[in-house]
Amino acid sequence: MPNPLTLNMLAEAMCNAAWAEVNEDWSLASDEQREEFRLMARALLTTIEKAGYKVVPVEPTSEMIEAGTAAIQSSGFVDSATALGWSAMLASAPNIGDE
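Residues numbered from 1 in each chain as written. Predicted model: local features only at pLDDT ≥ 70, side-chain atom pairs only at ≥ 80, totals over all residues. Heavy atoms only, no water.

## Some thoughts on the pattern of salt bridges
The condition is simple: By convention in these notes, a salt bridge is any Lys or Arg side-chain nitrogen within 4 Å of a carboxyl oxygen on Asp or Glu. Secondary structure elements are taken from DSSP: a helix is a run of H or I of four residues or more, a strand is a run of E of two residues or more, and numbering for both begins at the N terminus. Exposure classes here rest on a 1.4 Å probe applied to the protein chains alone. A residue is buried below 20% of its type maximum, exposed above 50%, and partly exposed in between.
Throughout the structure, instances matching the rule amount to one salt bridge. A salt bridge links Glu 35 to Arg 38; its shortest N-O distance comes to 3.2 Å. Here Glu 35 pairs with Arg 38, and both are found in helix 2 (residues 31-50), just three residues apart, close to one helical turn. Among the residues examined, Glu 35 registers a relative accessible area of 36% and is labelled partly exposed.

Structure follows, in structure tokens:
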């Protein structure tokens, strides 16, 4: 499983992309600049979620697999089982951490 995605990781990537032209990076950002990029990252994630999407790992976590399997096994219909399994997997996907 990949490392958990955090706001700091997103903020660092956004900072590095924004500052690429001036050859500066996250390590040179002030605390205030880092907080600004964290706020921008949070706003980006909020926009994604409001649009009905969720950022999830490429490979499902064991918790996601267990939740999906349990939801599918509890359903009597294949179509609804797939939808229930998907919903359960998304609900149990790890959230992006604040660190």
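On we go.
## Quick notes on the nonpolar core
Spelled out, the test is: Remark: nonpolar core denotes a set of buried residues (Ala, Val, Leu, Ile, Met, Phe, Trp, Tyr, Cys) joined through side-chain atoms within 4.5 Å. Note on contacts: a residue pair qualifies if any of its non-hydrogen atoms lie within 4.5 Å across the two residues.
With six residues, the main nonpolar core is built from Ala 11, Cys 15, Trp 19, Trp 26, Ala 29 and Phe 37. Not counting residues within four places of it along the chain, the set of residues in contact with Ala 11 comprises Trp 26, Phe 37, Arg 38 and Ala 41.

## Some points on the packing of helix 1 (residues 7-18) against helix 2
Definition in use: Interaxial angle, 0 to 180 degrees, is taken between N-to-C directions of lines fitted to C-alpha atoms, where a helix line uses only the stretch in contact. Roughly parallel means an angle under 35 degrees; roughly antiparallel means over 145; roughly perpendicular covers 65 to 115; every other angle is labelled oblique. In the scheme used here, Gly and all other residues not listed as nonpolar or charged are polar, with Ala, Val, Leu, Ile, Met, Phe, Trp, Tyr, Cys and Pro taken as nonpolar and Asp, Glu, Lys and Arg as charged.
Two elements in contact, helix 1 and helix 2, have axes whose closest approach is 8 Å; the angle formed by their N-to-C orientations is 110 degrees. With respect to helix 2, the axis of helix 1 lies roughly perpendicular. Two secondary-structure elements touch here, helix 1 through Leu 7, Asn 8, Leu 10, Ala 11, Met 14, Cys 15 and Ala 18 and helix 2 through Phe 37, Arg 38, Met 40, Ala 41, Arg 42 and Leu 45. For the contact of helix 1 with helix 2, a count of residues per class yields 10 nonpolar, one polar and two charged.

## Observations regarding helix 1
Stated precisely, the cut-off is as follows: Here, expected helix span is obtained from the residue count minus one, scaled by 1.5 Å. Directions pointing from the helix axis toward each C-beta atom define the arc.
Here helix 1 spans 16 Å end to end across 12 residues, near enough to the 16 Å set by a 1.5 Å rise per residue. Restricting attention to buried positions, one finds in helix 1 the residues Leu 7, Ala 11 and Cys 15. With its buried residues spanning 65 degrees around the axis, helix 1 presents them on a single face.

## Let's talk about the confidence of the model for the protein
We count it as follows: One number per residue, pLDDT, summarises how confident the predictor is, and it ranges from 0 to 100.
On average, residues of the protein score 78 in pLDDT, and 87% of them are at 70 or above. Confidence scores differ between elements of the protein, with helix 4 (residues 78-92) showing the lowest mean pLDDT of 77 and helix 2 the highest of 85.

## A word on helix 3 (residues 62-74)
Here helix 3 is 13 residues long and its end C-alpha atoms lie 18 Å apart, about the 18 Å a rise of 1.5 Å per residue gives. Regarding helix 3, the residues found buried are Met 64, Gly 68 and Ala 71. Relative to the axis of helix 3, the buried residues are bounded by an arc of 65 degrees and lie together on one face. Along helix 3, exposed side chains directed more than 90 degrees from the buried face belong to Glu 66, Gln 73 and Ser 74.

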